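Take a look at the letters that make up each chain.
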Amino acid sequence: MTASVNVPLNSRGKLAASLPAEQLAEITALFEFRRTGYSLDAPFYTDRSIFNIDMEAIFGQHWIFAASTAELPEPGDYVTVDYGPYSLIVLRNDDGGVNVLHNVCRHRGARVLTEAAGSTGNLVCGYHSWTYSPEGNLIHASAPGETKFDKSCFGLKRAHGREVAGLIFVCLADEPPADFDETAKIFEPYLAPHDLSKTKVAYQQNIIEEGNWKLVMENNRECYHCDGHPELACSLFPTWGLTEGLIPAHLEEVWDRNKQAEASLEERCRRYGLPYEVVEQLDTRIAGIRISREPLDGEGESFSADGRRLSKKLLGDLPDFRLGRCSMHLQPNSWFHFLGDHVITFGVFPINEHQSLVRTTWLVADDAVEGVDYDLEKLTYTWKQTNLQDKAFVELCQQGAGSPAYEPGPYMKSEYQVEAFINWYVQRVQEHLA
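Note that the structure is predicted; figures quoted are calculated from it, not measured.

What counts and how
- Starting afresh in each chain, residues are numbered from 1 along the sequence in its written order.
- At least 70 in pLDDT is required for a residue's local features to be given in this predicted model, at least 80 for side-chain atom pairs to be given and counted, and no such filter applies to totals for whole chains, interfaces and linings, which use all residues.
- For the side-chain quantities, the full set of heavy atoms in the structure was used; hydrogens and water were omitted.
- Strand pairing follows a simple DSSP-based rule, namely that at least 2 bridges must link the two strands.
- To qualify as a helix, a DSSP run of H or I must reach at least 4 residues; to qualify as a strand, a run of E must reach at least 2; elements of each kind are numbered from the N terminus.
- To get an axis, a line is fitted to the C-alpha atoms, and for a helix only the part in contact is used. The angle between two axes follows their N-to-C directions and goes from 0 to 180 degrees.
- The contact definition used throughout considers only heavy atoms, calling two residues in contact when any of these lie within 4.5 Å.
- The term polar contact refers here to a pair of N or O atoms within 3.5 Å; inside protein, the definition further demands a hydrogen-donor-capable atom paired with an acceptor-capable atom, and it admits residues adjacent in sequence only when both atoms are side-chain atoms.
- The working definition used for a salt bridge is a side-chain nitrogen of Lys or Arg within 4 Å of a carboxyl oxygen of Asp or Glu.
- Only protein chains enter the accessibility calculation, which uses a 1.4 Å probe; a residue is then buried when its area is under 20% of its type maximum, exposed when over 50%, and partly exposed in between.

S.K.: For this particular structure, what's the right way to read the sheet that holds strand S13 (residues 289-294)?
M.R.: In spatial order, the strands read S11-S17-S16-S15-S14-S13-S12; together these seven strands make up an open sheet with antiparallel pairing. Of all strands in the sheet, those bounded by a partner on one side alone are strand S11 (199-209) and strand S12 (279-281). If you compare each strand with its neighbour and ignore which way they point, the axes differ by 15° on average. Relative to strand S15 (residues 334-338), strand S14 (residues 325-330) is paired through five bridges, and the arrangement is antiparallel. Looking across to S15, one finds that cysteine 326 is bridged to phenylalanine 338. Here helix H8 (residues 376-401) sits on the sheet and contacts S11, S15, strand S16 (343-352) and strand S17 (355-365); the angle it forms with S11, its principal contact strand, is near 25°.

S.K.: Would you mind showing me how to read the side chain of aspartate 320 here?
M.R.: Relative to the helices and strands, aspartate 320 is located in the loop between S13 and S14. Of the polar contacts made by the side chain of aspartate 320, one reaches the side chain of tyrosine 272; its length is 2.6 Å. A distance of 2.9 Å separates the side chain of aspartate 320 from the backbone nitrogen of arginine 322, its partner in a polar contact. With sequence-adjacent residues up to four places away left out, aspartate 320 is seen in contact with Arg268, Tyr272 and Leu314.

S.K.: Can you walk me through the pattern of salt bridges in this structure?
M.R.: Proximity of charged atoms lets side chains of opposite charge pair with each other. By the definition in use, this model includes 22 salt bridges. Two residues, arginine 48 and glutamate 353, come together in a salt bridge whose shortest N-O distance is 3.4 Å. Separated by 305 residues along the polypeptide, arginine 48 in helix H4 (residues 48-57) and glutamate 353 in the loop between S16 and S17 bring together distant segments of the chain. Looking at arginine 48, the relative accessible area reads 44%, which means it is partly exposed. The exposure class assigned to glutamate 353 is buried, which follows from its relative accessible area of 12%. Notably, a salt bridge pairs glutamate 182 with lysine 185, separated by 3.4 Å at the nearest N-O pair. With a gap of three residues between them, glutamate 182 and lysine 185 both fall in helix H5 (residues 180-191), about one helical turn apart. Overall, the relative accessible area of 39% leaves glutamate 182 in the partly exposed class. Residue lysine 185 is classed as exposed on the basis of its relative accessible area, which comes to 54%.

The structure is reproduced here in structure tokens:
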């Protein structure tokens, strides 16, 4: 299901083109001479000009995960999504699709909708009551007759939006990357059995991390630090990302248990006809992806201390609860866990060069009843704790990047997905600057 209108954005204010030539040359050189296998130079995490380029080259050009279907189930439901200088309204229309509108009034530029989510008919700017249809058309400007103008020229600017397998993506580019269609074909079969169209939001958490958005993503792309997640390590095998020959002594028993669970899960997936194979194209395609179905420890059902289910209601068409987790990473700003009993979505929305909003949303079956089918505190406990721990790790790195003593360090073998993320990022920015 897709609903989009392509309206080119005004090019004025695009900083990459307006930077002084000497400064742009210095930034271009940083990308060109980036040392493979090492973390980035400090300016990538601290410099405002590079952040602005990130907003143009990455968040202004690529498909960005914005929300799930469960967050706007009915016509008129909306969420507002802010990142960098942008604010977008993602609104369910009467046809069942989504409209993506820039949340900038065409009169004086005020935010039209100020709430994070809600339901509306027409969109009314609170400043001077300019009123727009759900399609973004200007249908009323107060005090008519004071100034003659063609209302059809002052509709809200639109961006692209698309909904795939219960996930909603937005793109600000005049012409979005076309290979997202191929990426969608990869992940749709994995997600379809969970049927996100029949889920509801159980809880949503917004955390502002004092860290550059790339540090947030880097932290997510490896489990080298997973000893720092004691609650998560009850169900998630902390050997994730490791291979034979890289297993530390204290994890050898866990590694053996992981391999046995993996073999059992694969047998169950084959029996049920569920895809489980690893597809890893993080930096070999523009819409980079990694997806797989992986076992969980204990009962193998969910992110609980013993691996047992956290909601009694099974999602979609799944045959049973013991299906581990379907894990998906999408470049540039999201990752997901699809389990038998619930789904967790994660979206990263940059605020500035040293702050990022991390939004975590827990989805359960739409007929699950809190207090009957699930305990909200138990449902969210593991990832609430993990998110706080990750927040602290990211902030430690941001502090280090700001130190004169900082210099890039080498990634370990188990951090190869961090390297893939950075490689993807560098390629995309260089393409934009070329």
